[in-house]
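Remarks on the overall topology
If you want the building blocks of each chain, they are given just below.
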Amino acid sequence: MELRHLRYFVAVAEAGSLTVAAVRKLHTSQPSLSRQIRDLEDEVGARLLTRRARGIELTPAGRAFLDHARSVLSQVEAAGEAARRTARPPRPCFTMGFLTGHELRWMPEAMRILRDELPNIDVMISSQYSPLLADGLAKGTIDAAFLRREKGVPGLAFRLLVKEPLMVILPSDHRLAALKSINLKDLVGETFVTVSNTAPVLRVVIDNYLKRSGVNIKPRHEGDNIAVGISLIASTRGVGVLPAYIQNFLPSSLTSRPLKGDTPTVELVLGYKKSNQSPALKLLLSRLDELVARVSSKAR
């Protein structure tokens, strides 16, 4: 008895027909398949199937044999997979996290650096809110993340990437869109859209800027992410003060303008766990200046 006999028998049993199994599953001739099944029955010493006008029917012996045949084939496949895993150990995995929306600028260049020197590494990508990325770093499920400088997460280190200026986002046909730059006082009385506490670092920067400017602007709506924020501004014909990277995602109905005066900024940093000894992390940290330079040159 050979493994091919078992595979042939299982294929016939599952197809319910010698002809169908021969043509569609095994790509052999029906007479040849019938001969293989007879050889198997001779080896087993029992009739395994009965031929009917519309196909085949398993005998009681055949039904009993089918379960064992499937089990044997499954174990053979498992044995082969175990051997392959041993011969080719799994490649190391490196997980990068991105504050949603920043993948567009930072992921291609970060991936290029990793692939150039570590071509055999598997890179996983996670796109989330900044606090969730910080939590992933602390738990060790994320190796490096492009996020805000989150507080209250011990054991993490941050490297500054860029300081993103805040800009006014508003409808393209808004009266203020005719200006080259906008004074914060011009936004008084407008429907103001801001970020929710899912982005605590950015929310503090915006709130402090409003307070420092002495302008009485109360948010009417809060967005949990950039997509919601953009939709709120478009649907309410409101305005928002948001980081410059948002410009990459604006529909034609919205536009952006710089703020006059002392423009506030929010930091984008690379975060990682101090105890993480990943070679890929060490490589990324060693090439961080190059990464920033590459991304900056493309942004111009």
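Cut-offs applied
- Residues numbered from 1 in each chain as written.
- Predicted model: local features only at pLDDT ≥ 70, side-chain atom pairs only at ≥ 80, totals over all residues.
- Heavy atoms only, no water.
- Helix = DSSP H or I, 4+ residues; strand = E, 2+ residues; numbered from the N terminus.
- Rg over C-alpha atoms; globule rule 2.2 N^0.38 Å.
- Buried < 20%, exposed > 50% of the residue type's maximum accessible area, 1.4 Å probe, protein only.
- Contact = heavy atoms within 4.5 Å.
- Areas by Shrake-Rupley, 256 points an atom, 1.4 Å probe, with all protein chains shown as cover.
- Lys, Arg positive; Asp, Glu negative; His and termini not counted.
- Charge placed at Lys NZ, Arg CZ, Asp CG, Glu CD.
- Patch = residues over 30% accessible without salt bridge, like charges linked within 9 Å, V, L, I, M, F, W, Y side chains within 5 Å.
- Salt bridge = Lys/Arg side-chain N within 4 Å of Asp/Glu carboxyl O.
- Axes fitted to C-alpha atoms, helices over the stretch in contact; angles between N-to-C directions.
- Parallel < 35°, antiparallel > 145°, perpendicular 65-115°, else oblique.
- Left-handed = near helix turned anticlockwise from the far one by under 90°.
- Nonpolar A, V, L, I, M, F, W, Y, C, P; charged D, E, K, R; others polar.

1. Examining the overall build of the protein chain
Of regular secondary structure, the protein chain possesses ten helices and eleven strands. Against the globule reference of 19 Å for 300 residues, the protein chain gives a C-alpha radius of gyration of 32 Å, more extended than a compact globule. The principal-axis extents of the C-alpha atoms in the protein chain amount to approximately 95 × 45 × 35 Å. A total of 300 residues make up the protein chain; the buried ones form 43% of that total. Sequence separation of at least 24 residues holds for 71% of the intrachain contacts in the protein chain that already meet a minimum separation of 6. Of the accessible surface of the protein chain, which amounts to about 16000 Å², a share of 51% is contributed by carbon and sulfur atoms. Here the protein chain contributes 43 positively and 29 negatively charged side chains, and the mean placements of these two sets differ by 4 Å.

2. Details of a nonpolar patch on the surface
Taken together, Leu3, Val72 and Val76 make up a surface patch of nonpolar side chains, about 190 Å² in accessible area. As for its position among the elements, leucine 3 is in helix α1 (residues 3-15). Judged by relative accessible area, leucine 3 falls into the partly exposed class, the value being 34%.

3. Examining the pattern of salt bridges
This structure, assessed with the given rule, holds 17 salt bridges. Between glutamate 77 and arginine 84 there is a salt bridge whose closest N-O contact spans 3.1 Å. Under the relative-accessibility criterion, glutamate 77 is labelled partly exposed at 49%. Here arginine 84 falls in the partly exposed class, since its relative accessible area comes to 33%. One salt bridge connects arginine 294 with glutamate 109, and the closest N-O pair in it is separated by 3.5 Å. Residue arginine 294 is located in helix α10 (residues 288-299), and its partner glutamate 109 is located in helix α5 (residues 103-117); the two are separated by 185 residues in the primary sequence. A relative accessible area of 23% means that arginine 294 is categorised as partly exposed.

4. What about a positive patch on the surface?
On the surface, a cluster of positive charge is made up of Arg35, Arg38, Arg47 and Arg51. The residue arginine 51 is located in strand β1 (residues 49-52) in this model. Taking relative accessible area as the criterion, arginine 51 reaches 38% and is therefore assigned partly exposed.

5. Description of the packing of α5 against helix α9 (residues 279-286)
Contact pair α5 / α9: the axes reach a minimum separation of 10 Å and the direction vectors enclose 120 degrees. When the axes of α5 and α9 are compared, the pair comes out oblique. In terms of crossing hand, the pair formed by α5 and α9 is right-handed. Contact residues: Ala110, Ile113, Leu114 and Glu117 in α5; Ala280, Leu283 and Leu284 in α9. A breakdown of the residues in the contact of α5 with α9 according to their chemical character gives six nonpolar, no polar and one charged.

Everything listed here is a matter of coordinates, which is why it stays silent on function.
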